[in-house]
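Examining the three-dimensional arrangement
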Amino acid sequence: WFKGDARVYNHNLAKLSLWLATSAFRTSKQRAEKKGGTDYNVRSFMEQAGFTELRSDDYDKTPSMYTISTVMGHQTVSDGDEPFELIAVGVCGQGYMDEWECNLSVGTGENPEGCYSAAHLVYDRVFGYISENHLEGKIKIWISGFSRAAAVSNITASLLSDADDFSQENVFAYTFATPMTVRDAEPEPYRNIFNICGKMDPVPKVPFVDWGYSRYGITYYTPTMETDSDFWEKREKADEIYKDITGISYWANADMNNQLRILMECLLTICPDVETYADSLQRYLISLWEKHDVISIMSSLLEMSKDPLLINDDN
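What this report covers is the structure whose coordinates are included nearby. Keep in mind that what you see is a predicted model, and the values were worked out from it rather than measured. Within each chain, residue numbers correspond to sequence positions counted from 1 in written order. Residue-level local features of this predicted model are given only where pLDDT is at least 70; pairs of side-chain atoms are given and counted only at 80 or more, and the full residue set underlies all totals for whole chains, interfaces and linings. Hydrogens are left out, water is left out, and the side-chain values use all remaining heavy atoms of the structure.

So, on to the sheet that holds strand β3 (residues 84-91). Strand pairing requires that DSSP identify at least two bridges connecting the strands. Secondary structure elements are taken from DSSP: a helix is a run of H or I of four residues or more, a strand is a run of E of two residues or more, and numbering for both begins at the N terminus. Reading across from one edge, β1-β2-β3-β4-β5-β6-β7 is the order of the seven strands in this open sheet, with mixed pairing throughout. Each end of this open sheet is capped by a strand with a single partner; those strands are β1 (52-57) and β7 (218-222). Averaged over all pairs of adjacent strands, the angle between strand axes in this sheet comes to 15°, irrespective of strand direction. Taken together, the four bridges between strand β5 (residues 171-176) and strand β6 (residues 193-198) define a ladder with parallel strand orientation. Looking at the pairing, Y174 lines up with F194 of β6. Working rule for contacts: check all heavy atoms of both residues, and any pair within 4.5 Å makes them a contact. Angles shown run from 0 to 180 degrees and are taken between the N-to-C directions of axes, each axis being a line fitted to C-alpha atoms and, for helices, limited to the stretch in contact. Helix α5 (residues 148-162) rests against β3, β4 (139-146), β5 and β6 of the sheet, and its axis sits at about 160° to β4.

Here we take up helix α9 (residues 294-304). Since there are 3.6 residues in each turn of an α-helix, residues three or four apart along the chain are aligned in direction. Exposure classes here rest on a 1.4 Å probe applied to the protein chains alone. A residue is buried below 20% of its type maximum, exposed above 50%, and partly exposed in between. Those residues of α9 not exposed but buried are S296, S300 and M304. Seen from one end, α9 has its buried residues packed into an arc of 70°, which puts them on one side. In α9, the exposed positions angled more than 90 degrees off the buried face are occupied by V294, I295 and L302. In this structure, the buried residues of α9 make contact with α8 (274-290). Here, the arc refers to the directions that run from the helix axis to the C-beta atoms.

In this section: the environment of V89. Counting through the fold element by element, V89 comes out in strand β3. For V89, the contacting residues outside a window of four places in its chain are L20, M46, V71, M72, V122, V126, I141, W142, I143 and S144.

With that out of the way, let us pick up the nonpolar core. Here, the term nonpolar core denotes a set of buried Ala, Val, Leu, Ile, Met, Phe, Trp, Tyr and Cys residues that are joined through side-chain atoms within 4.5 Å. With 33 residues, the main nonpolar core has I87, V89, I141, V152 and F166 as its most contacted residues. Secondary structure elements with two or more residues in this core: β3, α4 (113-132), β4, α5 and β5. With eight residues, α4 is the single largest residue contributor to this core. With near-sequence residues (within four places) excluded, F166 lies in contact with F127, I130, I139, I141, L160, S161 and V171. Core analysis: the next-biggest nonpolar cluster, separate from the first, contains 25 residues, A24, V71, A88 and C92 among them.

Note that patches include only residues with greater than 30% relative accessible area and no salt bridge, and the join distances are 9 Å for like charges and 5 Å for nonpolar side chains (Val, Leu, Ile, Met, Phe, Trp, Tyr). Exposure was quantified through the Shrake-Rupley algorithm and a 1.4 Å probe, taking into account, for residues, occlusion by the shown protein chains and nothing else. The working definition used for a salt bridge is a side-chain nitrogen of Lys or Arg within 4 Å of a carboxyl oxygen of Asp or Glu. Taken together, the side chains of W19, I241 and I245 define a hydrophobic patch exposed on the protein surface, amounting to about 340 Å² of accessible area. Assignment of secondary structure puts I245 in helix α6 (residues 231-246).

A few words on the environment of H74. By the secondary structure assignment, H74 is in strand β2 (residues 70-77). With 240 residues separating them in the primary sequence, H74 and D314 have C-alpha atoms 56 Å apart. Setting aside residues up to four positions removed in sequence, H74 forms contacts with G50, F51, T52, E53, E85, L86, I87, Y129 and L135. Distance and chemistry together define a polar contact, namely a pair of N or O atoms within 3.5 Å, with one atom able to donate a hydrogen and the other to accept it when in protein, and with adjacent residues in sequence counting only for side-chain atoms on both sides. Among the polar contacts listed, one links the side chain of H74 to the side chain of E85, at a separation of 2.9 Å.

Time to look at the packing of aromatic side chains. Only the six-membered ring of Trp is used, alongside the rings of Phe and Tyr, when aromatic pairs are assigned; centres must lie within 6.5 Å, and planes under 30 degrees apart are stacked while those over 60 apart are edge-to-face, with the rest tilted. According to the stated counting rule, one finds 17 aromatic pairs in the structure shown. Each ring, one from W211 and one from Y277, has its centre 5.4 Å from the other, and the planes form 40°; the classification is tilted. One end of the pair, W211, is in the loop between β6 and β7; the other, Y277, is in helix α8, with 66 residues separating them in the sequence. The class for W211 is buried, based on a relative accessible area of 7%. A residue is classified by how much of its surface remains accessible, and Y277, at 4% relative accessible area, is buried. Through a chain of ring-to-ring contacts, the aromatic side chains of F2, F51, W142 and F172 assemble into a single cluster. As a reminder, the over-ring test applies to NZ of lysine and CZ of arginine, requiring each to be within 6 Å of the ring centre and within 35 degrees of the ring normal. The aromatic ring of F84 is capped on one face by K140, whose charged end is 4.5 Å from the ring centroid.

Now the structure itself:
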């Protein structure tokens, strides 16, 4: 799967990438104590997949707005062809705690500032990993993430694809439930970055298209009951696998998705452009995440009500 061109979509590799992304979720404190660390699942996945010299970053830290947890490993791939080093990068996409705060930090730059900062950390770690393990010759990268980690992986893959040491054909990137990552209606066409999203999932809709955002790479969508007439037929196949993995039936909450869409429409009415959000709302939302006791929430709401950009006759 990794001997070919990363610009060719491989559905088997997409499924394997989903396992890399979900194994990178931070495990619960209780499970971590039993298994030996919050990175236990992804380290176990990589070891079973033949990766060695595992390096873990930030899993042992108390999550904050400025941390991004990753595990990297490598293996030599040859099998008669020109050998190369394959580096796998699993990015933590759940169990964020205060890492989630990064999603609220958008700013007005080309990329959302929170995810862009995290992506640069991962980018630097890749080159640090290459140096500390004395890897030479041809090197390929495989990176995957879910949700916030998908946005970070998406941006990191674009940076790696542009680096002199790599190219699009050698950076394999598969991301899931990917938020918007670049303020450009027609960004640089990275044919090696594949984003798989739910059509009605609210997470991939932010930051908003109305604010001028899109994402790097090619996006594929999974079926939804709101848009696909054959959804229930397809759901039966998914349900078999979902039950086998989780023990419960595959579920979708159209009502909750609709409520979240209404909430987002309200947000767009209040902040029709990213500048209004960055100047008037971003700091309040970050503050509410940090201090969400009743008194702090009421104090913030009262302060917000005095801002004529946020609360006026039109909205």
